[in-house]
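# A closer look at the structure
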Amino acid sequence: MSSIKVVAEREYSVHLDANWRKSVEAIAESHNKTLLMVPAELVEQFQVLALAKANLRIVEIPTGEAAKSPDYLLKMWEVCGDYGLTRSDCIIGIGGGSATDLAGFVAASWLRGITWHAIPTSLAGMVDAAIGGKTGINSSHGKNLIGAFHSPSSVVIDKEFLESLSERDFNAGMAEVIKSGFIADSKILELALDAKANIAELIARSIAVKASVVSSDFKEGRLREILNYGHTLGHAIEKIEEYKLRHGEAVAIGLVFAAELSNIAGGLSAMAVEQHRELLRKFELPTTYRPDALPKLLELMAGDKKSRGTALRFIGLEDIAKPIWLEAVTSDQIAEAYGRISS
Ligand SMILES: NC(=O)c1ccc[n+]([C@@H]2O[C@H](COP(=O)([O-])OP(=O)(O)OC[C@H]3O[C@@H](n4cnc5c(N)ncnc54)[C@H](O)[C@@H]3O)[C@@H](O)[C@H]2O)c1
């Protein structure tokens, strides 16, 4: 079984080609008590309850963003207390990014931090959310505003999960895969042309991109910001859409915008911009947004937690796999780039 190392506050492995059931059993065997959190929607489908035993308690959590609420976090702390989880026990989060974000944050906050393991079941979770140690929940003021850097002790990738993933969620995950290709690994862009056939290599390469960036800059000093390519506008669109779009769908629009802005302010070729559109459309991902939304988007982007001071900053590309920081874009340049993606 191959694996990829991540060096953060501790070193851990992302196990590719793993068997998730065997991994759960092995983790449970090495702890006195293990609390496994999994969205109710996946429990029956993957017969998760069959794994329960005296030292492995399974708790069903809501699907999607509903799991990432302060109310739900309080419930999980109660569950930890009732089960008597100590510092030497552990938590496993199985599910999409919302489940691993919650499980990771419960682990980060319970007893000031206990061990946890991530078992992502969505493509977005495998290539993005479960890698990199960011954990968190949403506040009434915005998404992911409450959180902690708290790396898992291992990430278990089992592609069995992808078989039941909806086409929509697979495609949304491909937006992050494609982003990894554009910022760091152009081979991904070739492999994405036949994504289903090349999925194992696409997952491994995307994880390698994120692992390498996170290992150099765990707490987002600067380099880690390149992972936000396409996300500044993407996050603002998610907010306007009240999170009804998948994260990857909003990011897809943001990627085309960031590419156009890179063409205007960073020297990216028009051909490379077109390559963004073509690849994303292949996965039926949106690449345009409403013309009248720019003022609201600007307001939301200015309030994005990744912005610094008052100036809007974007990650751009000067070429494929050559990210740059666009720190001094003018409002005219933003309006021009937006004009090219709005319809
Ligand atoms: N921590 C990070 O670094 C990071 C990075 C990116 C995104 N995120 C977070 O991740 C979340 C998005 O993740 P997501 O796209 O996985 O969404 P999600 O967790 O909401 O899952 C999407 C849907 O897919 C279903 N699903 C998941 N796996 C399945 C499977 N194998 N078979 C059938 N259905 C399955 C889920 O139950 C849900 O209905 C957001 O909350 C986002 O903020 C975190």
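In this report, we go over the structure that sits alongside the text. (Residues numbered from 1 in each chain as written. Predicted model: local features only at pLDDT ≥ 70, side-chain atom pairs only at ≥ 80, totals over all residues. Heavy atoms only, no water.)

Time to look at the overall build of the protein. If you tally the helices and strands in the protein, you get 13 helices and eleven strands. Taking 343 residues into account, the globule formula puts the C-alpha radius of gyration at 20 Å, and the protein, at 20 Å, falls close to it. Oriented by its inertia axes, the alpha-carbon framework of the protein measures out at about 60 × 40 × 35 Å. Of all 343 residues assigned to the protein, the portion counted as buried reaches 55%. Here the contacts in the protein between residues at least 6 apart in sequence split such that 71% fall between residues at least 24 apart. Accessible area of the protein: about 14100 Å², with a carbon and sulfur share of 51%. Side chains of the protein carry 37 positive and 44 negative charges; the gap between the two charge centres is 4 Å. (Helix = DSSP H or I, 4+ residues; strand = E, 2+ residues; numbered from the N terminus. Rg over C-alpha atoms; globule rule 2.2 N^0.38 Å. Buried < 20%, exposed > 50% of the residue type's maximum accessible area, 1.4 Å probe, protein only. Contact = heavy atoms within 4.5 Å. Areas by Shrake-Rupley, 256 points an atom, 1.4 Å probe, with all protein chains shown as cover. Lys, Arg positive; Asp, Glu negative; His and termini not counted. Charge placed at Lys NZ, Arg CZ, Asp CG, Glu CD.)

Judged by nonpolar contacts, the single largest core of 120 residues is most densely connected at Trp20, Met37, Ile91 and Met174. Looking at this core, the element that brings in the most residues is helix H10 (residues 247–265), giving ten residues. Apart from the residues within four sequence positions on either side, Met37 is in contact with Val59, Ile61, Met76, Ile91, Ile92, Gly93, Ile94, Leu102, Ala103 and Val106. (Core = buried A, V, L, I, M, F, W, Y, C linked by side-chain atoms within 4.5 Å.)

Next up on the list: the sheet that holds strand E4 (residues 56–61). Through backbone hydrogen bonds, the strands of a sheet pair up, either in parallel or in antiparallel fashion. Pairing within the open sheet is mixed, and its seven strands lie in the order E1-E2-E9-E6-E5-E3-E4. Since the sheet does not close on itself, it has two edges, and those belong to strand E1 (3–7) and E4, each with one partner. The average angle at which neighbouring strand axes cross in this sheet is 20°, direction not considered. Bridge count between strand E5 (residues 90–95) and strand E6 (residues 115–120): six bridges; the pairing is parallel. By the bridge assignment for E6, Gly95 is matched with Pro120. (Pairing = 2+ DSSP bridges. Axes fitted to C-alpha atoms, helices over the stretch in contact; angles between N-to-C directions.)

Moving on: the packing of helix H9 (residues 231–240) against H10. The geometry of H9 relative to H10 is characterised by a closest axis approach of 7 Å and an angle of 135° between their N-to-C directions. Here H9 lies oblique to H10, going by the angle between them. Crossing angle aside, the handedness with which H9 passes H10 is right-handed. When H9 is examined against H10, the residues His231, Leu233, Gly234, His235, Ile237 and Glu238 are found in contact with a partner set consisting of His247, Ala250, Val251, Ile253, Gly254 and Phe257. Its residues assigned to classes, the contact of H9 with H10 comprises six nonpolar, five polar and one charged. (Parallel < 35°, antiparallel > 145°, perpendicular 65-115°, else oblique. Left-handed = near helix turned anticlockwise from the far one by under 90°. Nonpolar A, V, L, I, M, F, W, Y, C, P; charged D, E, K, R; others polar.)

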